[in-house]
Amino acid sequence: MKPEGLLRPYFGQTWHIYLTSILLHAAASIIFAYFPRVLGDFTDQLESGQLISNDIARYSLLLLVIGAGFSLFGGVGQFLIMYVGRLFENMTRRRLFSHFSDLSEHYYSKNGVGRMLNYFMNDVTGVRESISMGINQLTMASMLFLSCIGSMIASGIPLYLIAASIAPMLLIPWIVTRIGPVIRQRSRKVQEALGEMTESVEEQFSGIRVTKKFAVESIMRNRFGEHVDRIRDNQLSLVRMSSLFQAIIPFLGSLSLIAALALGGYLTVTDKITLGHFVALTMYIRMLMNPLQQIGNVINVLQRSRASLARLTELVAVKPDIAENESASEVRLERSPIRIRNLTFAYPEAARPSLQQIDLDLEPGMTLGIVGRTGSGKTTLVKLLLRIYDPPVGAIRIGGTDIRDLTLESLRGQIAYVPQDGFLFSTTIRENIAFARRQAGQDKIEAAAKQARIYDNIIGLPDRFETKLGERGITLSGGQRQRTSLARGFIMQAPLMIMDDSVSAVDAVTETEILQTIRQERRGRTNVIISHKISAVKHADLIIVLDGGRIVQRGKHEELIAKPGPYAELHAIQEEGSRYAYGH
């Protein structure tokens, strides 16, 4: 995707505002360009002795009109440019967030939160400054430059004198082509370093409790200091080149003024031009120095923003790994069996498969228990059912349709997934429980809290369901977070509920109560319970044991404990002690 791809929708909506602003800036510049000419005429009339009091009043009023017109037209033009700049910021951040929400888990596994925040903050702001303040200054400076050149020609100043005076300025385009790419490259390095620092800060703030418990604050400070030093070095490298560029532009303007003073002064002394023309020429050149300074600043900003624009364009060009087919259909999970056949799956860039030759049938209304040691593939199987990652073609079918041919909304919208970490948002408990059912009434929210056995804890808080949680729900204990997350799953009343070790942080009594509620309240609905605890899955209609990505055992609880194998060993360790596990 070309860089214009990000800006085209924006300019498509705002081009008329930009055009209006440019016309206003042009009018302001043309008006202001009369300023030296009026002073030149005033000087000639004063030198000839023909100036009277009425002329003084007329010239004063004319200068007042010039100043007022320049301020009015220029001010309105500047407001319009700044307005659409903020509009770009709003549109782009919305587009970025929408794009981020479409990207798959694989992208987030390779890019930290801090790096993504840098896109939202620094890169978007950098581009906004260039298309608002940058375009505003560039338009004003360019119009004023052209107006001054035109006014100099129209005022009768000799063309060779004008050419000699502005000759040093003609070097500016050549300098831009030489220094501009260097500024852009160094600016990109600065943005990348800022992204790394933001990512480091987010990670260290999230883990500050671990840092304090292990008393390694000094290590964290040194690690953060390395990021800050890298930013400093990159920024100083950028500043050196930017300062050189911004110093050259005014220097060329000074050379132009020297040429005007030297040649113009000589022509005035030799009576080749009038004193008024000389005054007007020097004022025109002096007026051109400010636009040149602005152009230098703008080019500097534009080169740096091009690096940000390139980063944003590359981000928007990233295609989601999980995409719907154009002919994708909807599914009704409450009536659709799930068939898994010869499923083998490996994560991108992984050395070996996480799942191998999985065959499984999950009928509507059935409860499936999944046990296995850490890393055996339990959560991977769930991710494929949710289509967080794409399984091989035809490996998973729901109601006879390949899962890859179903719409994501109909698939995920009918699955209540309760993860182990119990992530909660920094909002009220009520909003966290009703996260997927925003219109749920208070009675349904309370019912879900009671089913998850978190209701008594909530009403014990000062603001009850309106209690605001800290970041990631840190206000609550681990078990309370899990049960709140479980209530969020209960309130969906989804055809399929997946509990991914989601009662691991609760005590045995509460776990028993929750599991009993699941058997009662979700009778007739499909459930998948993943757990390390035999007690959580022993009432399931079917239990599978995963080991090394393969199903090594399957059956009911009574069948599995009756024959040697991993399940019976785990049962012995958890409920009968280690005697059976060690064979004595």
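Residues numbered from 1 in each chain as written. Predicted model: local features only at pLDDT ≥ 70, side-chain atom pairs only at ≥ 80, totals over all residues. Heavy atoms only, no water.

1. Here we look at the side chain of Ser376
- Mapped onto the elements, Ser376 comes out in the loop between strand 3 (367–372) and helix 10 (378–385).
- A residue is classified by how much of its surface remains accessible, and Ser376, at 1% relative accessible area, is buried.
- Once you skip the residues sitting within four places of it in the chain, Ser376 turns out to touch Ser354, Leu546, Asp547, Gly548 and Gly549. (Helix = DSSP H or I, 4+ residues; strand = E, 2+ residues; numbered from the N terminus. Buried < 20%, exposed > 50% of the residue type's maximum accessible area, 1.4 Å probe, protein only. Contact = heavy atoms within 4.5 Å.)

2. Brief notes about empty space enclosed by the protein
- All chains considered together, the criterion is met by two cavities of 30 Å³ or more.
- In this structure, the largest cavity spans a volume of roughly 50 Å³.
- Around the largest cavity, the lining residues are Ile338, Ile340, Leu360, Leu362, Leu368, Ile370, Leu381, Leu385 and Val528.
- Broken down by class, the residue content of the lining of the largest cavity amounts to nine nonpolar, no polar and no charged.
- Together, Leu333, Ser336, Ile338, Leu362, Glu363, Pro364, Pro495, Leu496 and Thr526 line the second largest cavity.
- Across the lining of the second largest cavity, the residue classes break down as six nonpolar, two polar and one charged. (1 Å grid on protein atoms, 1.4 Å probe; cavity = no way out; pocket = protein on both sides within 12 Å on 5 of 7 lines; lining within 4 Å. Points joined across faces, edges and corners; volume = space filled by probe spheres on them. Nonpolar A, V, L, I, M, F, W, Y, C, P; charged D, E, K, R; others polar.)

3. Overview of the pattern of salt bridges
- This structure, assessed with the given rule, holds 14 salt bridges.
- With its nearest N and O atoms 3.7 Å apart, the salt bridge here joins Asp229 to Arg232. Note that Asp229 and Arg232 are positioned in helix 8 (residues 217–269) at a spacing of three residues, about one turn of the helix.
- Classification of Asp229 by relative accessible area gives partly exposed; the value is 35%.
- Notably, a salt bridge pairs Arg332 with Glu334, separated by 2.9 Å at the nearest N-O pair.
- A relative accessible area of 44% means that Arg332 is categorised as partly exposed.
- What makes Glu334 partly exposed here is its relative accessible area of 36%.
- Beyond isolated ion pairs, a larger network of salt bridges with shared partners links Arg86, Glu89, Arg93 and Arg128. (Salt bridge = Lys/Arg side-chain N within 4 Å of Asp/Glu carboxyl O.)

4. Here's the deal with the sheet that holds strand 8 (residues 526–530)
- Read from one edge of the open sheet, six strands run 6-7-8-3-9-10, paired in mixed fashion. Pairing within the sheet leaves two strands with one partner each, and these edge strands are strand 6 (415–418) and strand 10 (550–555). The mean inter-strand angle of the sheet, taken between neighbouring strand axes irrespective of direction, is 15°.
- Across five bridges, strand 9 (residues 542–547) lies against strand 10 in antiparallel orientation. (Pairing = 2+ DSSP bridges. Axes fitted to C-alpha atoms, helices over the stretch in contact; angles between N-to-C directions.)

5. Focus: the packing of helix 5 (residues 159–166) against helix 8
- It is at 7 Å that the axes of helix 5 and helix 8 come closest, and there the two elements cross at 150°. In terms of axis orientation, helix 5 runs roughly antiparallel to helix 8. Here Tyr160, Leu161, Ala164, Ser165 and Ile166 of helix 5 come into contact with helix 8, specifically with Ser256, Ala259, Ala260, Leu263, Gly264 and Leu267.
- Grouping the constituent residues of the contact of helix 5 with helix 8 by class yields eight nonpolar, three polar and no charged. (Parallel < 35°, antiparallel > 145°, perpendicular 65-115°, else oblique.)

6. Concerning the pairing of strand 3
- With six of its six residues buried, strand 3 lies for the most part within the structure.
- Here strand 3 shows no split at all, with Thr367, Gly369 and Val371 on one side and Leu368, Ile370 and Gly372 on the other all buried.
- As paired strands, strand 3 and strand 8 are joined by four bridges and run parallel to one another. Opposite Gly369, over in strand 8, you have Ile529 as the bridge partner.
- Judged from the five bridges that link them, strand 3 and strand 9 form a sheet pairing that is parallel. In the strand pairing of strand 9, Ile370 is matched with Ile544.

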